[in-house]
Each structure stands twice: as structure tokens, then as C-alpha cells.
Amino acid sequence: DSLSSGLAEATGIAATIHSDAFDLGTLTGPVVIDATAQIAGSTDQTIASLLAGVVEAHVEASVEESQIGITSAKLSSDSQTSTLTGTISRTDGVLSVDVTSDLLSTVLPAAARPVLADRTKVTASLSRSADGSLAADAFALSSGDLNASGKATVSGDTITGTATGELADIGRLS
């Protein structure tokens, strides 16, 4: 009832995987996954804050021969609720997902917090190509008087991006 990786650890895990039509011969078909971790944490403070409290996950997906289609996925803790849809290649790691997160602003870097409201909403269309390049093809952030959007890519050692934004009350920068 525990799981550990290089970045996070969870204990008190309960999980179910259900399918009315999964084919064990081809490893394809629809699946529904529900999981709960009573305690989760990390030595990385940002990850630890995202995992605060009981962590719950619900995923509805279709496993196909060449890809996994995520119809809907939801991950929640005391500090965030995130949803995602998209596809992940089973052969080359290519992915395309749309993510929406509602976060307690305290999980974000301290330098950004003075201009944020109690909660921050983040949306992004994320992709990974077969060569490992990552892209936020479109992202948006909104919190109180702050609205920002843009795009970014990471390829090898190069990060490229553009962002625009608006802050209605610049007095909050002091």
C-alpha cells in the first residue's frame, strides 16, 4: 500500500482498475482507474505542497494498440484540483494533453505570490514529440488581477517562449 519514486512517495494507497471490455490478449480496451493515497509527500517543496492532504485520482481511458486515449482524468489534493484529456503514444512517447488546474496560490513560487489571489487557475495544451521536445503550445494563468498567456518549448538545452499578461493593480508588486 505504498509507492515511491525519485520525486515523491505515497502511502495508504487504495486503487481499483475496472473494465467491462478489456482484452487481455491484445492489452486493449476501456479502463477506469480510481486511486487514493492517504499520505503523499516529496523532498521537493513544490511537489510536496501539491500533494498535501489525501490525494485522489480518477481516470477514464481507452487503451489502444498504439496509444492511450485519456477521456478524462482528475487528480485532487487539499491544495489543487487538476483535470486532463488527451493521448499518449504507447510506441514512441509522443503525447498531447490539455490540462486545467485550480491551485492554492501558496504552492507557487514565493516571488509570484504578492500579485496572486488565494487561488490560481492554469490551463495548458502540452505536447511531447518523439525526439523528446516538450511544448506548452498554449498556456494561460489567471489569479485575481493577474492574467497571463503564452507558449513555450524545451528542446535539448534550449528553452524558447513568449508570454503576455495584464496586472490591473501594479501596487501589489511592492
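Details of the structure are given in the entry above.
All figures in this text were calculated on a predicted structure; none of them were measured in a lab. (Residues numbered from 1 in each chain as written. Predicted model: local features only at pLDDT ≥ 70, side-chain atom pairs only at ≥ 80, totals over all residues. Heavy atoms only, no water.)

Caption draft 1: Quick look at the sheet that holds strand β5 (residues 67-76). Strand order in the open sheet formed by 11 strands is β1-β2-β3-β4-β5-β6-β7-β8-β9-β10-β11, and the pairing between neighbours is antiparallel. Because the sheet does not close on itself, it has two edges, and the strands there are β1 (2-4) and β11 (158-167). With direction set aside, neighbouring strand axes in the sheet form an average angle of 20°. Sheet topology note: the strand β7 (residues 95-104)/strand β8 (residues 119-128) ladder contains 10 bridges and is antiparallel. Opposite Val97, over in β8, you have Leu126 as the bridge partner. (Pairing = 2+ DSSP bridges. Helix = DSSP H or I, 4+ residues; strand = E, 2+ residues; numbered from the N terminus. Axes fitted to C-alpha atoms, helices over the stretch in contact; angles between N-to-C directions.)

Caption draft 2: Unusual backbone geometry, seen in detail. Backbone geometry at Leu27 places phi at a positive 55°, although glycine is not the residue there. For Leu27, the location among the structural elements is in the loop between β2 (9-18) and β3 (29-41). Assessed through its relative accessible area of 43%, Leu27 is described here as partly exposed. (Buried < 20%, exposed > 50% of the residue type's maximum accessible area, 1.4 Å probe, protein only.)

Caption draft 3: The environment of Ser82, seen in detail. Inspection of the secondary structure puts Ser82 in strand β6 (residues 80-89). The class of Ser82 is buried, set by a relative accessible area of 14%. Sequence separation of Ser82 and Ser101 is 19 residues, and the distance between their C-alpha atoms is 4.2 Å. Setting aside anything within four residues of it in sequence, one finds Ser82 in contact with Ala73, Lys74, Leu75, Thr100 and Ser101. A polar atom in the side chain of Ser82 sits 2.7 Å from the side chain of Gln80. (Contact = heavy atoms within 4.5 Å. Polar contact = N/O pair within 3.5 Å; in protein donor to acceptor, adjacent residues only side chain to side chain.)

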